[in-house]
Amino acid sequence: MCGIVGYTGNKRASGILLGGLKQLEYRGYDSAGIAVMDQNKITVVKASGRLENLCRRTNDGDSVPGGAGIGHTRWATHGAPTEENAHPHLSNDGRFAIVHNGIIENYLSLREELIAEGYHFESETDTEVIVHLIDMYYDGDMRSALAKAASRLEGSYALGVICTEEPDKIYAAKEASPLIVGAGIGENFFASDVTALVSHTRNVIYLEDGEFAELSPDSIRITDCFGKVIDKKVSRISWDVQAAEKGGYEHFMLKEIMEQPAAVSAAISPRIKDGRIVFDELSITAEELKHIHKIVITACGSAYYAGCAGKYAIEQLCRIPVTMELASELRYSDPLIDDHTLLIVISQSGETADTIAALKECKARGARTLAVVNVVGSAIANLADDCVYTWAGPEIAVATTKGYTTQVSVLYMLGVYFGELLGKVGDQYDYLVDELLLLPRRVQETIDMNPGIEALAEKYHNSKALFFIGRNTDYATALEGALKMKEISYLHAEAYAAGELKHGTIALIEEHQPVIALCCNPLIMEKTLSNIVEVKARGAEVLALTFRSNDKIVSSADDLLFIPKTTALFSAVTEVVPLQLLAYYVAKANGCDIDKPKNLAKSVTVE
Ligand code: AGP
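All values reported here derive from a predicted model rather than from experimental measurement.

### A short note on the overall build of the chain
Then comes step 1: Helices and strands together make up the secondary structure of the chain, namely 19 helices and 26 strands.
Then comes step 2: Computed over its C-alpha atoms, the radius of gyration of the chain comes to 25 Å, within 12% of the 25 Å expected for a compact globule of 607 residues.
Then comes step 3: Taken along its principal axes, the extent of the C-alpha atoms in the chain is 75 × 55 × 45 Å.
Then comes step 4: Expressed as a percentage of the 607 residues in the chain, the buried residues total 62%.
Then comes step 5: Excluding contacts between residues fewer than 6 apart, the proportion of contacts in the chain whose partners are at least 24 apart in sequence is 71%.
Then comes step 6: Carbon and sulfur atoms form 49% of the exposed surface of the chain, whose accessible area is close to 22,300 Å².
Then comes step 7: Here the chain holds 57 positive side-chain charges and 82 negative ones, and the gap between their average locations is 3 Å.

Here you go:
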């Protein structure tokens, strides 16, 4: 949601800002704008809709001169996605321009206060109050005006600001929304995430909450709210620009599906040394683990479903009760969480607002916290006591694929690792480690053994609804399969625990209703088979996902998808892959905007 870029240097800022916004498109947006300073004058250009509209309006930036500026992609919250509401917003006298990602919760009272002071508002946004506050507090010192304005704000923000009195400077501030500074030579940048910076520099500084950045072409100054300079570490981004490009694939989603063997390997292989799982980054000890009475896993969307898949392995291997909680529910549930609880939060972006809030809530109640995160240096990674990175690399498609499979892989590893520390794994350990090491290869085999998915999508893409059924670990994967289908193909898709069908859902089964039956867990295979027979008796078309050798399922289904044989405990990582591909090809057959599905954003930074 909302993307921010800032540039100061000797090049034309507008081109760099538009290029940066292009890289941030995947976050989700519905309007965009830039503000560029040239000889003490700020020019603002905005357009609703796609970035192409802004590029056209600025002649790809050529019609907007100047070497310092800020840019923004807006995902509407306060006010419709119109040009008036698009950022940047200007102060009434045109001296300041601002871009903002986040939500200002007390904007209504600030707005009233500012109107009483004589300011007039051009937009319905919460953001506009910030630019007027800066104007009100400015007395020749931009950094101090920004700090004073920030001190009045409740909520979350990443801010970029320019001021005509300081023509080559760009300013930034951050609280609970991501912002990263890029250090170049004779030029400096900031952006919501590294994808916007990586084609210019791989040297970055992760800003923390309460920090302010003052950038000129030759200097970077990071300060706290009192103006005290903070000595920040410059980190080097390890991946290059190709990692954030399509590399010959039609969509990022397909590229990211195909990258999964490598991504799962990056999550698992470096953490297995001489046949032992090693988490160098974890500080929790066996002694501390023994004091844990329950594990709570919390997240949103697919990350939540990754938790559902990991829960089975962690509970089985550690023999500690594991409960799943939606982050948006947990935060308001007055949860029974104390210092005997281990809270595992999962997030690809590391900046999901509900997940951050749930993490803070549980931390305040004394829980030991562990984050499973992909984006390095993100808010969740910084907030948790321990962080295990999934090392999936940049994920651009809104629908997560390699983000999910690497999260599940890490949870499996944590299950084996903690189970061993607790003395619960026993002589299964070597077998489980071997199974983990085999997962990347099995993901590749899964891709290779299902060449007919595009043809199957032709059969199913016109369906009114798709039902996904499964039990136990299969049910966990069914949840993710159904979410994938609905978010990119806009088909109504629901996952049901197969055993629940006859308690209501089976009433929906009629002639030709597609049912996707997941049958990859030998322990409950016979039971799922009964459910397949029941829905077929009512006219359903069954597409079963199973092992090739599973004769009974193979002969009962109308269509088939396969995974290689694997332990059920770790099957979600392979099992989800044909479902991702099915969702992808159904969406393609329906002509959907696969990488940027309607109404969705990659990073959900608002409640
Ligand atoms: C996944 O395909 C979705 N776009 C969405 O459910 C996502 O998983 C969820 O918003 C959580 O995001 P996070 O992992 O970045 O916290």
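Now that the structure is up, let's keep going.
### A word on the nonpolar core
Then comes step 1: Within the largest apolar cluster, 147 residues are counted, with the highest numbers of intra-cluster contacts made by I277, F418, L436 and F468.
Then comes step 2: With twelve residues, the single largest contributor to this core is helix α19 (residues 572-589).
Then comes step 3: Not counting residues within four places of it along the chain, the set of residues in contact with L436 comprises I268, I272, I277, Y412, M413, V416 and F570.
Then comes step 4: Formed by 28 residues, the second largest nonpolar core is a distinct cluster that contains L114, I134, M142 and L153.

### Remarks on the sheet that holds strand β10 (residues 187-191)
Then comes step 1: The sheet built from eight strands is open, its strands ordered β3-β2-β4-β1-β10-β9-β11-β14 with antiparallel pairing. The two strands at the open ends of the sheet, each matched to only one other strand, are β3 (41-48) and β14 (235-236).
Then comes step 2: Two elements, strand β11 (residues 203-206) and β14, share two bridges in a ladder whose sense is antiparallel. Within β14, the residue paired with V204 across the bridge is S235.
Then comes step 3: Taken strand by strand, helix α1 (residues 13-24) contacts β1 (3-9), β2 (31-38), β4 (68-74) and β10, and its axis lies near 155° from that of β1.

### Re the site of the ligand
Then comes step 1: Around the ligand sit 15 residues in total, of which S347, Q348, S349, T352 and E487 are the nearest.
Then comes step 2: At a separation of 2.6 Å, an oxygen atom of the ligand approaches a polar backbone atom of Q348.
Then comes step 3: Burial of the ligand by the surrounding chains reaches 91%, relative to a free accessible area of 410 Å².
Then comes step 4: Put simply, the parts of the chain that give the shell around the ligand at least two residues each are α9 (301-318) and α16 (473-489).

### A word on the pairing of strand β6 (residues 96-101)
Then comes step 1: With respect to burial, β6 is a largely interior element, six of its six residues being buried.
Then comes step 2: Burial of the side chains of β6 extends over both faces: F96, I98 and H100 are buried on one face and A97, V99 and N101 on the other.
Then comes step 3: Inspection of the sheet shows strand β5 (residues 89-90) paired to β6 by two bridges, in the antiparallel sense. When the sheet's bridge partners are listed, L90 is paired in β6 with A97.
Then comes step 4: Connecting β5 to the next strand, β6, in antiparallel fashion are five residues, including G94 with a positive phi near 75°.
Then comes step 5: Sheet topology note: the β6/strand β7 (residues 157-163) ladder contains six bridges and is antiparallel. Its bridge partner being in β7, F96 is matched across the sheet by C163.

### Structural notes on the environment of P451
Then comes step 1: Within the fold, P451 resides in the loop between α14 (429-448) and α15 (453-460).
Then comes step 2: Along the backbone, P451 and P578 are 127 residues apart, and their C-alpha atoms lie at a distance of 9.7 Å.

### Regarding the packing of aromatic side chains
Then comes step 1: Evaluation of the coordinates by the stated rule reveals nine aromatic pairs.
Then comes step 2: Ring centres of F96 and Y138 lie 5.1 Å apart, and the angle between their planes is 70°; on these two criteria the pair is classed as edge-to-face. Of this pair, F96 sits in strand β6 while Y138 sits in the loop between α4 (128-137) and α5 (142-151), and the two are 42 residues apart along the sequence.
Then comes step 3: We classify F96 as buried; its relative accessible area is 0%.
Then comes step 4: Note on Y389 and W391: the rings are 5.2 Å apart at their centroids and 45° apart in plane angle, and the pair reads as tilted.
Then comes step 5: Overall, the relative accessible area of 16% leaves Y389 in the buried class.
Then comes step 6: Residue classification places W391 among the partly exposed residues on the basis of a relative accessible area of 42%.

### What about the pattern of salt bridges?
Then comes step 1: A complete count under the given rule lists 42 salt bridges for this structure.
Then comes step 2: With its nearest N and O atoms 2.9 Å apart, the salt bridge here joins D386 to R368. With D386 in strand β21 (residues 386-389) and R368 in strand β20 (residues 368-373), the pair connects residues that are 18 residues apart, well separated along the chain.
Then comes step 3: Among the residues examined, D386 registers a relative accessible area of 4% and is labelled buried.
Then comes step 4: With a closest N to O distance of 2.7 Å, K602 and E395 form a salt bridge. In this pair, K602 sits in the segment after α19 while E395 sits in the loop between β21 and α13 (402-421), placing the two residues 207 residues apart along the sequence.

### With respect to α4
Then comes step 1: The buried fraction of α4 amounts to eight of the ten residues, a majority that puts the element mostly inside the structure.
Then comes step 2: The set of residues buried in α4 consists of E128, V129, I130, V131, H132, L133, I134 and D135.
Then comes step 3: Among the structural elements, β5, β6, α3 (107-116), α5 and β7 are those in contact with the buried residues of α4.

### Observations regarding the sheet that holds β6
Then comes step 1: The strand order across the open sheet built from six strands is β5-β6-β7-β8-β12-β13, with neighbouring strands paired in antiparallel fashion. If you trace the sheet from one side to the other, it starts and ends with β5 and β13 (219-223), each paired once.
Then comes step 2: Here β7 runs beside strand β8 (residues 170-175); their pairing, made up of five bridges, is antiparallel. Along β8, the bridge assignment pairs Y157 with E175.
Then comes step 3: Of the strands in this sheet, β5, β6 and β7 are in contact with α4, which crosses β6 at around 140°.

How each quantity is defined
Residues numbered from 1 in each chain as written. Predicted model: local features only at pLDDT ≥ 70, side-chain atom pairs only at ≥ 80, totals over all residues. Heavy atoms only, no water. Helix = DSSP H or I, 4+ residues; strand = E, 2+ residues; numbered from the N terminus. Rg over C-alpha atoms; globule rule 2.2 N^0.38 Å. Buried < 20%, exposed > 50% of the residue type's maximum accessible area, 1.4 Å probe, protein only. Contact = heavy atoms within 4.5 Å. Areas by Shrake-Rupley, 256 points an atom, 1.4 Å probe, with all protein chains shown as cover. Lys, Arg positive; Asp, Glu negative; His and termini not counted. Charge placed at Lys NZ, Arg CZ, Asp CG, Glu CD. Core = buried A, V, L, I, M, F, W, Y, C linked by side-chain atoms within 4.5 Å. Pairing = 2+ DSSP bridges. Axes fitted to C-alpha atoms, helices over the stretch in contact; angles between N-to-C directions. Near = heavy atom within 4 Å. Polar contact = N/O pair within 3.5 Å; in protein donor to acceptor, adjacent residues only side chain to side chain. Phe/Tyr/Trp six-rings, centres within 6.5 Å; stacked < 30°, edge-to-face > 60°. Salt bridge = Lys/Arg side-chain N within 4 Å of Asp/Glu carboxyl O.

Structural measurements only, silent on function.
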